[in-house]
Amino acid sequence: MRTVELFDELAQRIRRLDSDVRLVAIDGCGGAGKTTFAGRPRSLSGASIVATDHFASWDNPTDWWPRMLEEVIDPLAEGRSARYRWYDWDRRTLGDWREVLPQPVVIIEGVSSSRSEWADRLAFAVWVEAPPDLRLKRGLERDGAEARDAWVTWMAAEDSYVARDDPLSRVDIVVDGAPTLDHDAEREFVRID
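Now for a description of the structure that goes with this document.

Parameters and conventions
Every chain is numbered on its own, with residues counted from 1 as its sequence reads. The predicted origin of the model limits local features to residues at a pLDDT of at least 70 and limits the giving and counting of side-chain atom pairs to 80 or more, whereas totals for whole chains, interfaces and linings rest on all residues. In computing side-chain properties, one takes all heavy atoms of the structure into account and sets aside hydrogens as well as water. The term nonpolar core refers to a set of buried residues drawn from Ala, Val, Leu, Ile, Met, Phe, Trp, Tyr and Cys, joined through side-chain atoms within 4.5 Å. Accessibility here uses a 1.4 Å probe with only protein chains present; expressed as a share of the type maximum, an area under 20% marks a residue as buried, one over 50% as exposed, and anything in between as partly exposed. Starting at the N terminus, helices and strands are each numbered in turn, a helix being any DSSP run of H or I of at least four residues and a strand any DSSP run of E of at least two. Here a residue-residue contact requires only that any non-hydrogen atoms of the pair lie within 4.5 Å. The span you would expect from a helix comes to 1.5 Å times its residue count less one. The directions from the helix axis to the C-beta atoms are what the arc is built from. Two strands qualify as a pair provided that DSSP identifies no fewer than 2 bridges between them. Inter-axis angles, ranging from 0 to 180 degrees, are taken between N-to-C directions of lines fitted to C-alpha atoms, where helices are fitted over the stretch in contact. By convention in these notes, a salt bridge is any Lys or Arg side-chain nitrogen within 4 Å of a carboxyl oxygen on Asp or Glu.

This brings us to the nonpolar core. By size, the foremost hydrophobic cluster in this structure holds 33 residues, and its most contacted members are Val50, Met68, Val72, Ile73, Leu76 and Val106. Broken down by element, this core gets its largest block of residues, five residues, from helix H3 (residues 65-77). Contacts of valine 72, omitting those with residues within four sequence positions, involve Val50, Phe55, Arg67, Ala82, Tyr84 and Ile108.

Here helix H4 (residues 132-143) is twelve residues long and its end C-alpha atoms lie 16 Å apart, about the 16 Å a rise of 1.5 Å per residue gives. Among the residues making up H4, those that are buried are Arg135, Leu136, Gly139 and Leu140. All buried residues of H4 fall inside an arc of 130° around its axis, so they share one side. Residues of H4 that are exposed and point over 90 degrees away from its buried face: Asp133, Glu141 and Arg142. Phi turns positive, to about 95°, at glycine 144, one or two residues after H4.

Moving on, we come to unusual backbone geometry. Positive phi, normally seen in glycine, also occurs at serine 112, with a value near 70°. The topology assignment puts serine 112 in the loop between strand S6 (105-109) and strand S7 (124-129). Backbone geometry at aspartate 166 places phi at a positive 50°, although glycine is not the residue there.

In spatial order, the strands read S1-S9-S8-S7-S2-S6-S3; together these seven strands make up an open sheet with mixed pairing. Across the chains shown, the open sheet's two edge strands, defined by having one partner strand only, are strand S1 (2-6) and strand S3 (48-51). If you compare each strand with its neighbour and ignore which way they point, the axes differ by 30° on average. In the sheet, S1 pairs with strand S9 (residues 188-192) via five bridges, with the strands oriented antiparallel. Note on S9: the bridge partner recorded for threonine 3 is arginine 191. Across the sheet, helix H1 (residues 7-15) is in contact with S1, strand S2 (22-28), S6, S7, strand S8 (173-176) and S9; its angle to S1 comes to roughly 70°.

Our next topic: the pattern of salt bridges. Inspection of every chain in the model, using the stated rule, returns 15 salt bridges. The salt bridge partner of arginine 80 is glutamate 78, with a shortest N-O separation of 2.7 Å. The class of arginine 80 is partly exposed, set by a relative accessible area of 42%. Its relative accessible area of 53% is what places glutamate 78 among the exposed residues. A salt bridge links glutamate 141 to lysine 137; its shortest N-O distance comes to 3.1 Å. Of this pair, glutamate 141 and lysine 137 both sit in helix H4, four residues apart, roughly one helical turn. If you follow the salt bridges from partner to partner, you end up with Glu5, Arg191 and Asp193 in one network.

Here it is, written out as structure tokens:
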């Protein structure tokens, strides 16, 4: 079943959670619509966003997590600032340092952001779902047709992560990343029950 819900109501629900720093995961496979979804709740406009793409690479799609746990998740969960070097996809090396302050809401956005290794530190988790063929199409539109082999390898790594970690078993809501239900995409999202 699919229902239309308001981003503002979701944001209010998250802000009511009992925590000084609410880590919110926006998880899903590549091309599902996670980045778009993470940027929509205007009532979370003060939230910091840390992308798993700052840690992953074509060569390491899902097993980069220990560095993110140590440099971002644990410090923020403890109310401390996080400091990390983001991965520069163009240069294929670590880039400049970034600092993330412990805001009331910090969104961890990207593939495997709700992973079991830090699920106990999350206040809320969202899974964005979309069909594989559409995700591949979106990825190639963004990265170019020459990235097809990399995307195929990436999607296989994602499938392995999902089978091994079962993120859908612990997320709070599942969102339709390819909704056909009529809704105002700036104010509303489609929830899958």
